[in-house]
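Remarks on the overall topology
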Amino acid sequence: MPHSGRCVAPGLPGEIGGGFMFRPMRRFKQQLSQEECLAVLQGEKRGTLALSGDDGYPYAVPINYYYDPESGHLFFHGAKEGHKLDALARSDKVSFAVHDQGVIEEGDWAYTLHSVIVFGRMHVVEDPERFAQYLYKIGVKYYPNAQMVTDLIGRAGSRVTMLELVPEHMTGKLVHEK
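A few points on the structure. As the structure is a computational prediction, the values presented were derived from the model and not from experiment.

Let us now look at the overall build of the protein. Across its full length, the protein holds four helices and eight strands. Walking the protein from its N terminus toward its C terminus, one meets helices and strands in the order α-β-β-β-β-α-β-β-β-α-α-β. Split into buried and exposed, the 178 residues of the protein put 39% on the buried side. Residue pairs in contact within the protein that sit at least 24 positions apart in sequence constitute 73% of those at least 6 positions apart.

Pasting the structure below:
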């Protein structure tokens, strides 16, 4: 599929209120298609979540996640208190960056990799059914079997917060590290 010029989240316009448009990618020839962006989000296990931290400093934390292909939303779990939740109380605007492991093409020494960055708004999942649904889905992504996930949720699920990132803009790039 030809590149569309930008990769925006499914069902979202890539534009937010007030007419603000996200910046176009400067190196547009390296831009990934939406399908390529979604493949990275679906295939990788970890990314870096960036929030507005204390005293105006950015707070970026490596984190596990689950990408839901039906809604196009990303889900994260964590403690019921701490730096992430304090930052979200200040601003719900976040970004989330993911990249694949990359490959070295034959005859080359530098990696070529696919990276994706998602901009959007994050909130705590309050609905108990959705909370349980996505806590289970993130668990089965990382644990060897479903029974281990069910057991862990039974023991520790009450101590967990689920966060939902609703994308407003997404872009991806093919990076050659030369």
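Structure's up, so let's keep going.
Before going further, it helps to spend a moment on the pattern of salt bridges. On inspection of all chains with the given rule, the structure shows four salt bridges. Of the charged contacts in the structure, one is a salt bridge between Asp54 and Arg90, with a shortest N-O distance of 3.1 Å. In this pair, Asp54 is assigned in the loop between β1 (46–52) and β2 (58–64) and Arg90 in helix α2 (residues 83–90), connecting sequence segments 36 residues apart. One salt-bridge network, in which partners are shared between bridges, spans Asp92, Arg121 and Glu168.

This part is about helix α1 (residues 34–43). Each α-helix turn comprises 3.6 residues. Residues three or four places apart therefore point the same way. Buried residues of α1: Cys37, Leu38, Val40 and Leu41, and no others. Projected down its long axis, α1 shows its buried positions confined to an angular sector of 155°, all on one face. Along its buried surface, α1 packs onto β3 (66–67), β4 (74–79), β5 (93–99), β7 (111–124), α3 (128–142) and β8 (160–176).

Here we take up the pairing of β2. The pairing of β1 with β2 spans seven bridges and is classified as antiparallel. Counted as the bridge partner of Leu51 is Tyr59 from β2. Taking the residues that link successive antiparallel strands as the turn, the β1-β2 hairpin has five residues, and the phi of Asp55 there is positive, at about 55°.

Within this model, the second largest pocket holds a volume of roughly 210 Å³. Forming the walls of the second largest pocket are 13 residues, and the residues nearest its centre are His77, Leu135, Gly139, Tyr143 and Leu152. Classifying every residue of the lining of the second largest pocket by side-chain character gives nine nonpolar, four polar and no charged.

What follows deals with the nonpolar core. Ranked by size, the top nonpolar core spans 25 residues in total, and within it Leu41, Leu74, Phe76 and Phe96 carry the most contacts. Elements supplying a minimum of two residues to this core: α1, β1, β2, β4, α2, β5, β7 and β8. Ranked by residues supplied to this core, first place goes to α1 with four residues. With residues near it in sequence (within four places) discarded, Phe96 still touches Gly47, Thr48, Leu49, Ile63, Tyr65, Leu74, Phe76, Val116, Ile117, Val118 and Leu165. Phe75, Phe131, Leu135 and Met162 belong to the second-largest nonpolar core, a separate cluster that totals nine residues.

Here the focus is α2. Here α2 has its buried residues at Lys84, Leu85, Ala87 and Leu88. Buried positions in α2, seen along its axis, are confined to an arc of 160° and lie on one side of it. In this fold, the buried residues of α2 make contact with β1, β2, β4, β5, β7 and β8.

Inspection of the secondary structure puts Thr171 in strand β8. There is a polar contact of 3.5 Å between the side chain of Thr171 and the side chain of Gln31.

Next up on the list: the packing of aromatic side chains. Across all of its chains, the model carries four aromatic pairs by this definition. Their ring planes at 70° and their centres at 5.0 Å tell us that Tyr65 and Phe96 sit as a pair that is edge-to-face. One end of the pair, Tyr65, is in the loop between β2 and β3; the other, Phe96, is in strand β5, with 31 residues separating them in the sequence. Using a relative accessible area of 0% as the deciding quantity, one classes Tyr65 as buried. The interplanar angle of 45° and the centroid separation of 6.2 Å between the aromatic rings of Tyr66 and Tyr134 together place this pair among those described as tilted. Remark: Tyr134 occurs in helix α3 and Tyr66 occurs in strand β3; sequence separation between them is 68 residues. Residues Tyr66 and Tyr134 agree in their burial class; the two are buried. Members of the aromatic cluster, each reached through a chain of ring pairs, are Tyr65, Phe76 and Phe96. Residue placement shows Lys141 over the ring face of Tyr65; its charged tip is 3.8 Å from the ring centre.

About the thresholds
- Residues numbered from 1 in each chain as written.
- Predicted model: local features only at pLDDT ≥ 70, side-chain atom pairs only at ≥ 80, totals over all residues.
- Heavy atoms only, no water.
- Helix = DSSP H or I, 4+ residues; strand = E, 2+ residues; numbered from the N terminus.
- Buried < 20%, exposed > 50% of the residue type's maximum accessible area, 1.4 Å probe, protein only.
- Contact = heavy atoms within 4.5 Å.
- Salt bridge = Lys/Arg side-chain N within 4 Å of Asp/Glu carboxyl O.
- Arc of directions from axis to C-beta.
- Pairing = 2+ DSSP bridges.
- 1 Å grid on protein atoms, 1.4 Å probe; cavity = no way out; pocket = protein on both sides within 12 Å on 5 of 7 lines; lining within 4 Å.
- Points joined across faces, edges and corners; volume = space filled by probe spheres on them.
- Nonpolar A, V, L, I, M, F, W, Y, C, P; charged D, E, K, R; others polar.
- Core = buried A, V, L, I, M, F, W, Y, C linked by side-chain atoms within 4.5 Å.
- Polar contact = N/O pair within 3.5 Å; in protein donor to acceptor, adjacent residues only side chain to side chain.
- Phe/Tyr/Trp six-rings, centres within 6.5 Å; stacked < 30°, edge-to-face > 60°.
- Lys NZ or Arg CZ within 6 Å of the ring centre and 35° of its normal.

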